[in-house]
Structure formats: structure tokens, C-alpha cells
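Structural characterization, general
Listed below are the residues making up each chain.
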Amino acid sequence: MATTVGTQPTWYLLRNSGEARPRASMRTNVVTTVLSVWFTLGLFLDAYAHSTFPQLESFFTPWHAVFYSGFAVTAGWILWTVWGHVQEGRRGIAAVPGGYGMTIVALPVFAVSGGADLVWHEVIGIETTTNIFFSPSHLGLIGSMVVILTSPLRAAWSDPDLPARPSLRALLPAVLTLSFATSLVLLFLTYGNALLMSPSGVVAMFSSVEDGNSGMLATRIVLTGLVLLAPLLLLARRWHLPVGTATIGFAIAALISAVLMSFERFTIPIAIVAAGVLVDLLALWLRPSADRRAAFWLFGALAALVTWAVYIGTAAVTTGRLPTIVEFWTGMPVIAALLGWALAALMLPNAITASERVAATSD
């Protein structure tokens, strides 16, 4: 049982100042999540505009207005929350709810990156191809945005009252914001996103070894698979995964992929959502957690295997034929599974006992 100082547990105390930090309430996390969705959907709208109307590009656009207004409202809410604690007499970091410390740093980083983005576009121009994902101002925006989005995740992570087996409802702000943050990573890895492929493209690329396209698709599958799996393993290292976690994460990843394809192809995104449902059932069966290392490792391997078997199988069924090169369509899910196992082993090299979990939370 966690020790206490007065009426507060020791995790609640700042190491240097000794002043208690407030715990982020469910209301704070829910409102942050709702506003973050607005914030993220604004970026999705901007990405849709980039892919659909490149000839209309300028910095001052309706979709930029939605995006930056989403940031302004989210930032305003977080600062208002901190100000409420300041009025209670707290000062400095002691006024910032647990899990929101990095957010306070990320807010000005985003604002500066937004200003730099305006200057960048005015001086250098508007990017309309893959170079858009390498712009320093854009990387500053996306990096700080991920930190802002995942505030409810960090708040939940540091909450000792959240049980090891939380309901999906209790963990929903953390699950949603982590899923949207993952979708942003996939957005900026568009050039390596396997979810953007058409079924016929998957079959064609795995039917030839002459043009190098098979290697390109294999690389995309490896990269996308790790991005989809890592958030699930992260959550499973802290809690037993509530049913629906994988489906939500995969569905949001499918959404951004559909946006980037201008909603013209839905087969692969739908297949990924179906794979998410199967991964949820797999988690329900295996119960991967920090104190069940073997189940954790096996989940990493089988979740990847199931995901990419469904991906290739859906492409084959839709196209009406399997890829010509047997080694590709039989071996790719196995490679994904081996990498999933390796990622799980890296994230949890040793099982964590219940007492160690409590100690980690207290820190």
C-alpha cells in the first residue's frame, strides 16, 4: 500500500518543492480529449486538403483555421485548468496537474513552430509532395502536438487509484489520445504507410522481384506494423488491455489513411479495423501484462501475425488471386510476428511484480 504524507500519498508530492501537485480529474482529461480530437481532426482536414486541392495551397486557409483554432482552444483549456490551481495558492509546477507538466512545455513549442511555419511558407513556399513531412517547422508542430495530445495518457499512467484492470470507460481518454497521436505518426510516415496501398497494388508488388516494389511494400509493412503495435504494448505494460483498445487504435489509423487517400479506397482501412477486432480478442485470451512476460511476448508476435495475415488475405480476396511469389505472402506475416516479438521483448525484458509496479507509479 502506498505511503502517505498527511492525507496525500507520497507520489503526490514534488521532490524538490515538497508542495502537492493536483491530480488531473476525469473531467479535465475528458475535456482535454474532446478538444484534442478537434485539434487532430483539424490536421486531418489540412492533410485532406493537401492531397485533394494542392493548387489552392497557401498558409491562410479554412483548414489551417480549424487546425490552429483547435490548438488555441486546447491550450486555453489547459492553461485555464492550471490557473484554477494557481488561484488555490499553488505556485510553479505545483499548479500543474500530474501528467500535464510536459504539456506546459509543448504549448509554447507548438506556438513557435506555428509562427516558424508561416515564415517558412512565405519564404520557401508551400510543400505539396513528400518534402512536406520533412519541413523543420512541421516536425516541431507534430512533435509538440503528440506531447499535448497524450496528456491524459500521462495523467492516467501516474494515477495510483486506476486499477490494473481498468474498464475501457475509465481508460478511454488515454486510449483515444494515444490512438490519435499514433495516427499523427502514421501521417508523417505517409511515405512508409502500408495502409495507403490498394489491394491490387499489394498483390502486384508481391508478385514480382524485378522492380524493387516488393522490398518497398515489405518495408512499409514492417514500419507500419511497429507503429500500430507499440501503443498496445505500451498500454499492456501498465494495465490489462480493456476490450476495444486495439479496435479503437486501428480504426483511427484507418481513418487517417482513408483521409490521405481522399476517401477513394476503403478496402484496406476496413481490413485493418477487422484486424483490430481480432487483436482485441487475442488480448482477451492471452491477457498480456507486465507481470505475465510470456503472454506479453506472445501477444506482440501473434497480434502482428494476425494483422498482416488479414491485410494480405483481404488484398488477395479483393483482387481475386494470391501474389505470385509464394515466399512473400507466406513469409511477410511471419517476419512481422518476429519483429512484434522482438519489440515486446525490448519493452518488457523482465516481468514486473505488483510491488515494483506500485513503486514505479509512486515515483
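Just so it is clear, the structure is predicted and the values come from calculations on it, not from any experiment.

Comments concerning the overall build of the protein
- When you go through the protein residue by residue, the secondary structure sums to 13 helices and two strands.
- If you take every contact in the protein between residues at least 6 apart in sequence, the share linking residues at least 24 apart comes to 79%.
- Entry remark: accessible area of the protein is about 16100 Å², with carbon and sulfur atoms responsible for 69%.

Quick look at the packing of aromatic side chains
- Under the counting rule described, the total for this entry stands at eight aromatic pairs.
- Ring geometry for W308 against Y311: centres 4.8 Å apart, planes inclined by 70 degrees, an arrangement best described as edge-to-face. Remark: Y311 and W308 occur in helix 11 (residues 293-319); sequence separation between them is three residues, near one turn of the helix. Neither residue differs from the other here; W308 and Y311 are each classed as buried.

As for the confidence of the model for the protein
- For the protein, the mean per-residue pLDDT works out to 85, and 84% of the residues sit at or above 70.
- Between residues 1-18, whose pLDDT stays under 50, and residues either more than four places distant or in other chains, the model counts 25 contacts.

Structural notes on the environment of D291
- Turning to its location among the elements, D291 is positioned in the loop between helix 10 (267-286) and helix 11.
- On the basis of relative accessibility, which here comes to 41%, the residue D291 falls in the partly exposed class.
- Between the C-alpha atom of D291 and that of R238, which follows or precedes it by 53 residues, the distance is 9.6 Å.

Side note on the packing of helix 10 against helix 11
- Orientation of helix 10 relative to helix 11, taken along the N-to-C sense of each, is 150 degrees, at an axis distance of 9 Å. Classified by the angle their axes make, helix 10 and helix 11 are roughly antiparallel. Considering the relative orientation of helix 10 and helix 11, their crossing is right-handed. Between helix 10 and helix 11, the residues in contact are T267, I268, A271, I272, A275, L278, V279, L282, A283, W285 and L286 and A295, L298, F299, L302, A303, V306, T307, V310, Y311, T314 and T318, respectively.

Side note on empty space enclosed by the protein
- On inspection of all chains with the given rule, the structure shows three cavities of 30 Å³ or more.
- Taken as a whole, the largest cavity spans an internal volume of roughly 80 Å³.
- For the lining of the largest cavity, the class distribution of residues is eight nonpolar, four polar and no charged.

Here we look at helix 12 (residues 326-347)
- Helix length check: helix 12, at 22 residues, gives a terminal C-alpha distance of 32 Å against a target of 32 Å (1.5 Å per residue), a fit within 8%.
- The axis of helix 12 is deflected most strongly, by about 30 degrees, at M332, and proline P333 appears within four residues downstream.
- Taken as a whole, helix 12 has its buried residues at M332, P333, A336, A337, G340, L343, A344, A345 and M347.

Things to note about the packing of helix 8 (residues 213-238) against helix 9 (residues 245-260)
- Their axes nearest at 10 Å, the elements helix 8 and helix 9 cross at an angle of 150 degrees. The orientation of helix 8 relative to helix 9 falls into the category roughly antiparallel. The chirality of how helix 8 crosses helix 9 is right-handed. When helix 8 is examined against helix 9, the residues L228, L232 and L235 are found in contact with a partner set consisting of T245, A246, F250 and A253.
- Its residues assigned to classes, the contact of helix 8 with helix 9 shows six nonpolar, one polar and no charged.

Cut-offs applied
Residue positions are counted from 1 within each chain, in the order its sequence is given. Since the coordinates come from a predicted model, pLDDT governs what is reported: local features require at least 70, and pairs of side-chain atoms require 80 or more to be given and counted, while whole-chain, interface and lining totals use all residues. Note: side-chain values were computed over all heavy atoms of the structure, leaving out hydrogens and water. Helix and strand assignments follow DSSP, with helices taken as H or I runs no shorter than four residues and strands as E runs no shorter than two, numbered in order from the N terminus. The contact rule is simple, with two residues in contact once any of their heavy atoms fall within 4.5 Å. Here, Shrake-Rupley sampling with a 1.4 Å probe gives the accessible areas, and only protein chains in the shown set may cover a residue. Two rings belonging to Phe, Tyr or Trp (six-membered ring only in the last case) form a pair when the distance between their centres is within 6.5 Å. Interplanar angles under 30 degrees mark stacking, angles over 60 mark edge-to-face geometry, and anything in between is tilted. The classification of residues rests on relative accessible area computed with a 1.4 Å probe and restricted to protein chains. Under 20% of the type maximum is buried, over 50% is exposed, and intermediate values are partly exposed. Along the chain, pLDDT gives the predictor's confidence residue by residue, from 0 to 100. Helix axes are fitted only over the stretch in contact, all axes being lines through C-alpha atoms; the angle between N-to-C directions runs from 0 to 180 degrees. Note on terminology: angles under 35 degrees are roughly parallel, angles over 145 are roughly antiparallel, angles of 65 to 115 are roughly perpendicular, and the others are oblique. Less than a right angle of anticlockwise turn of the near helix away from the far helix marks a crossing as left-handed, whereas a clockwise turn marks it as right-handed. Site definitions follow a grid-based scheme: protein atoms alone, a 1 Å grid, a 1.4 Å probe that fits but cannot get out for cavities, and for pockets an open set with protein on both sides within 12 Å along at least five of seven lines, plus lining residues having an atom within 4 Å of a point. Grid points are joined across faces, edges and corners, and a volume is the space filled by probe spheres set on the points. All amino acids are sorted into three groups, where Ala, Val, Leu, Ile, Met, Phe, Trp, Tyr, Cys and Pro are nonpolar, Asp, Glu, Lys and Arg are charged, and the leftover types, Gly among them, are polar. Each residue after the first adds 1.5 Å to the expected span of a helix. The angle between axes fitted to the seven residues ending at a residue and the seven residues starting there is what we call the bend at that residue.

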